[in-house]
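Residue strings, one per chain:
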Amino acid sequence: MVNLEYQRATTVADAIRLGAEPGSAFIGGGTNLIDLMKGGVANPRRLIDVSALPLAAIAPLPGGGLRIGAMARNSDVANDRLVRERYPLLSQALLAGASPQLRNMATVGGNLMQRTRCYYFYDTAFDACNKRRPGSGCAARDGHNRIHAVLGASEQCVATQPSDMNVALAALRATVVVQGRSGERRIPMQDFHRLPGDSPHIDTTLGADELIVAVDLPANAFAPHSHYLKIRDRASYAFALVSVAAALEMRDGVVQDAGLVLGGVAHKPWRVVAAEQALIGKPLGPDTIAAVSRSVLQGARPLEHNAFKIPLADQAIARALRIAGGLT
Amino acid sequence: MDDRDANNGISRRTVLQSASGSAALCAAGVTAQQAEPAMPAAPAEPSATVRSVALRINGRGYTLKLEPRVTLLDAIREQAGLYGTKKGCDRGQCGACTVLVNGRRINACLTLAVMHEGADITTIEGLGTPQALHPMQQAFVENDAFQCGYCTPGQICSAVAMLGEHRNGHPSAASTDLRAPMAALSDEEIRERMSGNLCRCGAYTNIVAAVRSVAAPSRS
């Protein structure tokens, strides 16, 4: 790791000012950034420590809903009484990710900014990675691409977003609250992460002078009928090959509202609004589930080594919906 | 266990340090004086970013001179001279470096020492001594919960914090209902909650038994 400067921000305004300077990077829990710095993938000249900012509270919003401070640790969010009561899907997703030690460190803001786990992005021995070095090519497209994207990928990048938390936040229709020099901005979770297109080095729509300060969860009635299903190579402490966040509001066996998002398959949490709407007003039968799954996976294109993800996702969607709906 | 490190006699560490280990330490700008926190520290090559960082480790105050890029793990081992905490992968994948910061278990390899100014840090040396082992250390000995022992300090620190988390009602991915009160610690729960600590010798069965014996003595 190259030497660098370190500064602890004492106020949000302070952090935004320092963070906007070239070569600066925010550090929260550090679990991803320090790893990337050790590998020479991230090379900030100055770290702005935002972990001590007063942004760790989890508190109800007026009119229902919940605000989670950006510096709340992943374990504190997963353990929080209100989160477990009202948004158990979020607790489940957080507890499915990383290890207890890492969850004790990682922040909500940092998790939103988590970078891909593509082997070629992580290993500087490979020259070609458009995400790491724009214009250098993509070694994964014709390389070892078992963990890579089957949806929304581009010629330039087939990386996936690795976070579990982000998948649940998308299903719960969270809003990312950011602050910049020109004030506050509210970004719907759906628009926070972007598809790679021809600029895969940009993961999110966060501005260079902006700091994530909170995540707002709207009030909903998903708590009794939600499920986070994570499929991975070992039972714990591994990234998802495919994951599904399923959230349903049910009345008399009929779906009133639905959130359905896939993880591990694209550059962002994969949400197809039309598929969610196709569930509404129907009982959760096999035909409905099959049609919804087809709609979510429409346009899926496998690479050489990840074709298994498409039937896996199809079956994971069905299982997550059945568990969420109380059918199994 | 770590008796060898704690004893003053000839140890594996002494031998290593007098040979190639000392070369590596010098290359990293760490002098023998820096390894002794009571002595004034003098970096071999002054760096503009070196700063004084006060850490509280196992109840004792340390004032270390270090660059911001120094991880908490390297500060604990190379500067505070506490070698019980182990460096395995150094990338947050194995848990060998697990220490407690303000009672919470974390990976010391993925955080910077400078970020923990004023924090209360507990390493394996702070849990017990060879003469008075912590109950978890005792349980690892009694259950033969290790083979090479390299992951053991991290396993024990992790297990001690894990029991506290369970006592405080924190759920895990093995908990079936997040909205129900916490059930007793099943073996499945122990395995899930200890999944951040890898053991390449594969001593998992006995590690689970050791943790279980401390969590619920009547079941063992």
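Each value, and the rule that gives it
In every chain, residue numbers begin from 1 and rise along the written sequence. Here the convention is simple: chains get letters from A, ligands get numbers from 1, in the order in which they are written. The predicted origin of the model limits local features to residues at a pLDDT of at least 70 and limits the giving and counting of side-chain atom pairs to 80 or more, whereas totals for whole chains, interfaces and linings rest on all residues. In computing side-chain values, all of the structure's heavy atoms are included and hydrogens and water are not. Secondary structure counts use DSSP, requiring at least four H or I residues in a row for a helix and at least two E residues in a row for a strand, with both numbered from the N terminus. The reference for a compact globule is 2.2 Å times residues^0.38; the radius of gyration itself is calculated from the C-alpha atoms. Burial here depends on accessible area, computed with a 1.4 Å probe over protein chains only, as a share of the maximum for the residue type. Under 20% is buried, over 50% is exposed, and the range in between is partly exposed. Asp and Glu are treated as the negative residues and Lys and Arg as the positive ones, with His and the ends of the chain left uncounted. Where a charge lies is defined by one atom per residue type: Lys uses NZ, Arg uses CZ, Asp uses CG and Glu uses CD. Disulfides are defined as cysteine sulfur pairs within 2.5 Å. The criterion used for residue contact is that any of the two residues' heavy atoms lie within 4.5 Å. Accessible surface is computed with a 1.4 Å probe, and the buried area is the amount of it that two parts give up when combined, taken over both parts together. What counts as a salt bridge is simple: a side-chain nitrogen of Lys or Arg found within 4 Å of a carboxyl oxygen of Asp or Glu. Residues adjacent in sequence count toward polar contacts only when both atoms are side-chain atoms; beyond that, a polar contact is any pair of N or O atoms within 3.5 Å, and within protein one must be able to donate a hydrogen and the other to accept it. Only buried Ala, Val, Leu, Ile, Met, Phe, Trp, Tyr and Cys residues count toward a nonpolar core, and they belong to the same one when joined by side-chain atoms within 4.5 Å. We treat two strands as partners when DSSP finds at least two bridges between them. Note on geometry: axes are C-alpha line fits, over the in-contact stretch for helices, and angles between N-to-C directions span 0 to 180 degrees. Each domain's extent was defined by an automatic or database domain assignment.

A word on the overall build of chain A
A count of helices and strands for chain A gives 13 helices and 12 strands. Compactness check: chain A gives a C-alpha radius of gyration of 19 Å against a globular reference of 20 Å for 328 residues, within 12% of the reference. The burial tally for chain A puts 59% of its 328 residues in the buried class. Separation of charge centres in chain A, based on 35 positive and 28 negative side chains, amounts to 2 Å.

Considerations on the state of the cysteines
Under the defined criterion, the tally for this structure stands at 0 disulfides over all chains. With no disulfide of its own, C118(A) has C129(A) as its nearest cysteine by sulfur position, at a separation of 5.8 Å. Of all cysteine sulfurs, the one in C97(B) lies closest to C109(B), which takes part in no disulfide; the gap is 3.8 Å.

Description of the interface of chain A and chain B
Chain A puts 42 residues into the contact, and the matching count from chain B is 42 residues. Counting the surface lost from both chain A and chain B, the interface buries some 3,300 Å², and carbon and sulfur atoms represent 52% of this. The largest per-residue losses of area from chain A upon contact with chain B belong to Y6(A), R84(A) and Q101(A), which jointly make up 20% of the total buried on that side. For the pair chain A and chain B, the number of links is 3 salt bridges. Among the salt bridges present, the one from D90(B) reaches K38(A), with a minimum N-O distance of 2.9 Å. At the junction of chain A with chain B, the criterion picks out 21 residue pairs in polar contact (both at pLDDT 80 or more). Put simply, the parts of the chain that give the side of chain A that touches chain B at least two residues each are strand 1 (5-8), helix 2 (33-38), strand 3 (46-49), helix 3 (74-79), helix 4 (81-86), helix 5 (88-96) and helix 6 (100-105) of chain A.

With respect to the nonpolar core
I68(A), V77(A), L90(A), L112(A), L169(A) and L217(A) are the most contacted members of the largest nonpolar core, which has 55 residues in total. Here L169(A) is in contact with L90(A), L112(A), A174(A), M189(A), V215(A) and L217(A), once residues within four sequence places are set aside. Membership of the second largest hydrophobic core comes to 50 residues, among which are L102(A), F121(A), V158(A) and L72(B).

Overview of the sheet that holds strand 1 of chain A
Residue and element names in this part refer to chain A. Spatially, 1-3-2 is the arrangement adopted by the 3 strands of the open sheet, whose pairing is parallel. Pairing within the sheet leaves two strands with one partner each, and these edge strands are strand 1 and strand 2 (24-27). Taken pair by pair, the neighbouring strands of this sheet meet at an average axis angle of 25°, ignoring direction. Pairing of strand 1 with strand 3 involves 4 bridges; the strand directions are parallel. Directly across from Q7, in strand 3, lies its bridge partner I48.

Re the sheet that holds strand 2 (residues 60-66) of chain B
Residues and elements named next belong to chain B. If you walk across this open sheet you meet the 5 strands as 2-1-5-3-4, and the pairing is mixed. Every other strand in the sheet has two partners, leaving strand 2 and strand 4 (104-107) as the edge strands with one partner each. The average undirected angle you get between the axes of adjacent strands in this sheet is 40°. In this structure, strand 1 (residues 51-57) lies alongside strand 5 (residues 120-122), joined through 2 bridges in parallel fashion. Across the sheet, R56 pairs through a bridge with D120, a residue of strand 5. The strands that helix 4 (residues 72-79) touches are strand 1, strand 2, strand 3 (98-101), strand 4 and strand 5; relative to strand 2, the one it contacts most, it runs at about 105°. Lying over the sheet, helix 7 (residues 152-167) contacts strand 3 and strand 4, oriented at roughly 45° with respect to strand 3.

Digging into the domain arrangement of chain B
All names here are of chain B. Domain assignment breaks chain B into domain 1 (47-127) and domain 2 (128-220). Each of domain 1 and domain 2 has a C-alpha centre, and the two are 22 Å apart. Each side of the interface is counted separately: domain 1 has 17 residues, and domain 2 has 18 residues. Of all residues in domain 1, the largest losses of buried area upon contact with domain 2 belong to R105, I124 and L127, amounting jointly to 47% of the total for that side. There are 1 salt bridge connecting domain 1 and domain 2. Residue E165 pairs with R105 through a salt bridge whose shortest N-O separation is 2.7 Å. Taken together, the connections running from domain 1 to domain 2 amount to 7 residue pairs in polar contact (both at pLDDT 80 or more). Of all the elements in the fold, those that place two or more residues in the side of domain 1 that touches domain 2 are strand 3 and helix 5 (124-127).

Details of the environment of V244(A)
Residues and elements named next belong to chain A. Mapped onto the fold, V244 is located in strand 10 (residues 242-251). Using a relative accessible area of 0% as the deciding quantity, one classes V244 as buried. For the pair formed by V244 and I231, sequence separation is 13 residues and the distance between their alpha carbons is 8.8 Å. Residues within four places of V244 in sequence aside, it is in contact with H227, Y228, L229, L260, V261, L262, A316, I317 and A320.

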